[in-house]
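So the chains spell out like this:
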Amino acid sequence: MNLSTDKKLTVTAVLGLLGVIVTYLVGDMGRFWMNWILWFLFLLTIGLGCLFIVALEHIVGAKWSIPVRRIPERISGLLLLVSPVAIAALLSLEYLYPWTQPEGLADPIVAGKAGWLNAPFFALRVVICVGLWIIAYRIFVGGSLRQDQDRDPRFNIRARRFAPLFMAIFAIIITLVAFDWISSLDPVWYSDIFGVYIFAGTFLSGLAATTLALLSLKNRGRLQNVGPDHMYNLGGFLFAFTVFWSYIGFAQYMLMWYANIPEEVYWYEERLHGAWGILVLGLAVFHFLVPFFLLIPRKAKSDPRFLFWTSALILAAHWLDLYWMLFPALGRGVLFGWVECSFGFLFLSAGLLWIRRSMKRGEDMPVGDPLLNEGLEFRL
Amino acid sequence: MTSRRAFSVVGLFDSAQLLLDAIPKVKTKVPGRLEAYTPFPVHGVDEALGLRKSPIGGMVLVMGIIGAASALALEMWTSGIDYPQTTAGKPFLSWEAFVPIMFELTVLFATFTAGLGMLILLNRLPLFRHPMLRSKSMPLITRDKFGLAVEANGEDLDVDAITKILREAGAENIEILEGLPPVAPASPKFLLLSLLAIGISSLVAGYLTYWGIKLFPVAPPMVHMLDQPKLNPQEANDFFADGFGMRMPVADTVRRGALPYTIEVQEDAARLINPLSRTGDVLNQGRQVFANHCAMCHGILGDGKPTLTAAYGAKPANLVSQQMIDLSDGEIYHVIWKGKNSMPSYSADLDDDEQWAVVHYVRVLQRALNAKDEDIDD
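None of the values given here were measured: they were computed from a predicted structure. (Residues numbered from 1 in each chain as written. Chains lettered and ligands numbered in written order. Predicted model: local features only at pLDDT ≥ 70, side-chain atom pairs only at ≥ 80, totals over all residues.)

*Asks:* Explain the overall build of chain A to me, please; I cannot follow it from the model alone.
*Replies:* A tally of helices and strands in chain A yields 16 helices and 0 strands. Whereas a compact globule of 380 residues would reach a radius of gyration of roughly 21 Å, chain A reaches 21 Å, a difference of no more than 12%. Over its C-alpha atoms, taken along the principal directions, chain A stretches across nearly 60 × 50 × 40 Å. Buried residues in chain A amount to 42% of all 380 residues. (Helix = DSSP H or I, 4+ residues; strand = E, 2+ residues; numbered from the N terminus. Rg over C-alpha atoms; globule rule 2.2 N^0.38 Å. Buried ≥ 20, exposed ≤ 12 C-beta atoms within 10 Å, placed from the backbone.)

This is the structure we're talking about:
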C-alpha cells in the first residue's frame with residue numbers, strides 16, 4: 001500500500017476511535033476516563049509548553065529563536081484541539097475523583113478540602129483555564145500569523161507587553177492543571193511543589209516537540225536556513241530542563257521521604273512498589289540518565305539525527321511520567337492493553353494530523369517579524 | 001638571509017575578513033604555531049587555525065563523575081559503615097539522603113576543574129608576562145586591528161621569510177617580538193616567596209581569629225550538643241532528696257533481658273564464675289566499657305586517680321591495689337551490680353556480658369600495673 005502520511009494517520013485514528021468506542025460500550029468507565037485524562041494531559045502539556053516557549057522568547061526578546069518560532073506557535077494549536085477534550089473530561093469526575101463520592105469525603109482531610117474540591121467549582125476553573133489559554137493563543141499565535149500579512153512591527157511590542165502577564169496566567173493554569181487533574185486523584189495527598197514538577201515536564205515536552213517538528217521539517221526540505229547553531233540552542237535547552245525536571249522530581253520525593261508523614265508518603269507508597277517501582281526506574285533512566293548523558297557532548301546538541309531520537313525519547317518518557325502519576329490512582333496495577341493502544345492511536349494520530357494540517361498552510365517562519373534576518377544570522 | 005632568535009612575528013590586518021583569508025595562506029608555509037589576536041570574537045578563526053577541541057569538557061565530565069563517586073563513597077563509609085547512626089529512623093545506607101551531597105560535590109569538582117583547568121592549562125597561568133602584551137601591536141589590536149602571529153615553538157624562526165609570507169598574505173604592519181621563551185613561569189625564588197607569604201598570612205589570620213575570639217567573646221562558642229536540657233553523668237540534681245542525678249534502678253526491677261540478681265552480700269558472690277573466656281574480643285569490649293563507664297572515677301588505669309576529681313567527696317577505689325587483686329571475679333561483678341558506697345549500680349547500663357568483660361579488663365589492669373620481671377617477654 002502506498003498511502004500518504006495523512007491517510008495512514010487517518011486510518012490509525014479511525015482504528016483508535018473504534019477501540020475507544022468499544023471501551024466505552026464495554027463499560028469499564030474507570031479505565032476509559034483514566035486514558036482520556038492521560039492523553040488529554042499529554043497533548044495539553046505539549047501545547048502549553050510550546051505556548052510558554054513562545055511567550056518566553058517574547059519576554060526576553062530572543063532573536064536566535066525567531067526563525068524557529070513558528071514551530072511552537074503551530075504546535076500550541078493543540079490547545080484548541082484539547083479544549084473540547086478538557087470539557088468532556090469533566091464527565092470523568094464521578095468515576096475517577098474520590099472527592100466526588102460520599103465515601104471519599106468521609107476522610108477528614110478530604111472533607112477539609114471540599115471547599116476547593118467540588119464539582120461545580122472544578123468545572124468553573126476548567127472553563128476559565130480553557131478560556132485563558134484560548135485567549136493567550138489568539139494573542140501570541142493569531143497576532144504572529146497576522147504579522148505575516150501586514151508586516152506590522154508593532155506586534156512585537158504588543159507581544160512583549162503581554163508576555164509577562166501571560167507568565168502569571170500560565171503559572172495559574174499549570175498549577176491548576178497539576179493540582180486539579182492529577183494531584184486530586186489522590187485527594188488526601190499534599191505537595192506544594194507539584195505544580196513546578198508538572199511545569200518542568202510541560203516545558204521539557206514542549207521543547208522536545210518543537211525540536212522533533214523542526215527536524216522533521218528540515219528532513220522534508222523546509223526551514224533549510226535554520227542552522228546547527230539554532231539546533232544547538234534547542235539542544236542546550238533540552239539538556240538544562242532534563243536536569244531541572246529531575247531536580248524538582250527528586251526534591252519533591254526527598255522531602256517527603258525524610259518527613260515520612262502518612263498523608264504525603266502514601267502517594268509514593270502506591271507508586272514505588274511492585275510493577276510501578278519498575279516503571280519509576282524506567283522514568284529515572286529514560287527521563288533523566290539517558291537524555292542527560294546523551295546530551296552532554298557539544299556535537300550531540302546540534303547533530304540532527306541524534307537530537308531527533310533524543311527528543312522522541314524525552315516525549316515518550318514524558319508520557320510515561322504522566323502514566324506513572326495517573327494510573328496508580330485506579331488501584332488496579334499496571335494496565336496496558338488494547339484499550340491504552342486505541343487511545344494512543346486516536347489521540348496521537350489526531351494530534352499529529354492537527355499539527356500537520358496547520359503546518360501545511362502559511363509561512364514556515366514569522367516572515368513579518370522585523371528581526372527575522374538577525375535571527376537567521378545567529379551564530380554561537 | 002639573517003636569522004635571529006625571535007619569539008614571534010606579528011602581522012596586522014585591517015579587517016576580520018582579511019585575517020580569515022590570510023590564515024590558510026600562511027598556515028601551510030610557516031613552521032611554529034599560528035595565533036590570531038582579534039578585538040572581538042570572530043567566527044571561523046578557530047576552524048581556520050585548526051585548533052584542537054578544548055579538553056576542558058572531558059576533564060569536567062570526568063571530574064564531575066569523580067566528585068559524585070567520592071561523595072557517595074564518603075557518605076556510605078561515614079554514615080553506613082564506620083559510624084552508623086540512626087537518623088529519623090531511616091536505614092543507614094539511604095541513597096536518598098546521599099543525593100544532595102553527591103550533587104553538590106559533582107558541581108564543586110566540575111566547576112573547580114573548569115575554572116582552574118582553563119586558567120592553568122589553557123591560559124598557561126604561571127606565564128605572567130606574555131611578550132605579546134608588551135608589543136606595539138597590542139594597543140592596535142585592542143582597538144581595530146586583527147593580528148596574526150607566528151610563534152616559535154622551540155625552533156628558530158626565519159624572520160625574513162615569515163615577514164615576506166605575511167606581507168604576501170596582506171599584512172600591513174609587521175612586528176618582530178624578541179624575548180621570553182613561550183613558557184616563562186615565575187622564578188623559583190618568586191614562587192617560594194609567594195608560598196611563604198601565603199603561609200605567614202594564613203598563620204597570622206588564624207592566630208588573630210583564635211585570640212580574638214578568646215579575648216573578646218562576642219558570640220558564645222558552638223556548644224549546642226553539650227547544651228541540652230538533660231542530666232549529664234555525675235551531675236547533681238535538686239529534684240531528688242539525695243541530690244544525685246544518677247539514679248539507682250527502681251526497686252524490684254531488672255534491665256530488659258536480665259535475670260533477677262538475688263545475692264545480697266558481696267562475699268556470697270565469690271562463688272560466681274566468669275562465664276566469658278579471655279579472648280581479644282572480650283578484653284577489647286571490657287576496655288571500651290571501662291573507658292565509657294568506669295574511667296571517669298577510677299581513672300583510665302584503674303588506680304583511683306581520675307582526671308575528673310571526685311567532686312562529691314568520696315575517694316574512688318584503687319582497682320589495682322592488692323586488696324582488689326585478692327577479690328574474686330564474682331565479688332567484683334557483685335559491686336558492678338549493686339554499687340558500693342558512693343558508686344551507683346551499673347546493672348541498668350551494662351548487660352551481663354559487658355559486666356563480665358569489664359571484670360576481665362580490671363584483671364588486665366591489675367596485672368599490667370603490678371608486672372613482674374617474668375612477664376617481660378625476652
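Having put the structure on the table, let's press on.
*Asks:* Sorry, what's going on with the overall build of chain B here?
*Replies:* Each helix and strand in chain B was counted, giving 11 helices and 4 strands. Counting every position in chain B, which comprises 378 residues, the buried fraction comes to 19%. At a minimum sequence separation of 6, the contacts of chain B that also span at least 24 residues come to 76%. (Contact = placed C-beta atoms within 7 Å.)

*Asks:* Would you mind showing me how to read the domain arrangement of chain B here?
*Replies:* Many authors give the size of an interface as the accessible area that is lost as the parts come together. You can read the domains of chain B as domain 1 (1-185) and domain 2 (266-375). Here domain 1 of chain B and domain 2 of chain B have C-alpha centroids that lie 69 Å from each other. (Domains from an automatic or database assignment.)

*Asks:* What exactly am I supposed to notice about the interface of chain B and chain A here?
*Replies:* Contact residues are listed per partner, giving 6 residues for chain B and 7 residues for chain A. Elements with a minimum of two residues in the side of chain B that touches chain A: helix 3 (56-82) and helix 4 (95-122) of chain B. Among the residues forming the side of chain B that touches chain A, the class breakdown is 3 nonpolar, 2 polar and 1 charged. (Nonpolar A, V, L, I, M, F, W, Y, C, P; charged D, E, K, R; others polar.)

*Asks:* I would appreciate a short explanation of the packing of helix 11 (residues 228-259) of chain A against helix 12 (residues 262-272) of chain A in the present structure.
*Replies:* Packed helix pairs are characterised by how far apart their axes lie and by the angle those axes make with each other. Residue and element names in this part refer to chain A. Between helix 11 and helix 12, the shortest axis-to-axis distance is 9 Å and the interhelical angle comes to 120°. When the interaxial angle is binned, helix 11 and helix 12 end up oblique. Our pair here, helix 11 against helix 12, has a crossing hand that is left-handed. Contacts between helix 11 and helix 12 involve Tyr-253, Met-256 and Ala-259 from the first element and Glu-264, Val-265 and Tyr-268 from the second. Tallied by class, the residues present in the contact of helix 11 with helix 12 amount to 5 nonpolar, no polar and 1 charged. (Axes fitted to C-alpha atoms, helices over the stretch in contact; angles between N-to-C directions. Parallel < 35°, antiparallel > 145°, perpendicular 65-115°, else oblique. Left-handed = near helix turned anticlockwise from the far one by under 90°.)

*Asks:* Would you explain the nonpolar core in this entry?
*Replies:* Generally speaking, nonpolar side chains in soluble globular proteins are found buried as a group. Ile-37, Phe-40, Leu-43, Leu-51 and Leu-207 of chain A are the most contacted members of the largest nonpolar core, which totals 97 residues. Of the residues forming this core, the biggest block, 20 residues, is contributed by helix 2 (residues 29-60) of chain A. With residues near it in sequence (within four places) discarded, Phe-40 of chain A still touches Val-82, Val-85, Ala-86 and Ala-89 of chain A. Ranked by size, the runner-up nonpolar core spans 24 residues in total, among them Val-10, Val-150, Leu-166 and Ala-171 of chain B. (Core = buried A, V, L, I, M, F, W, Y, C linked by C-beta atoms within 7 Å.)

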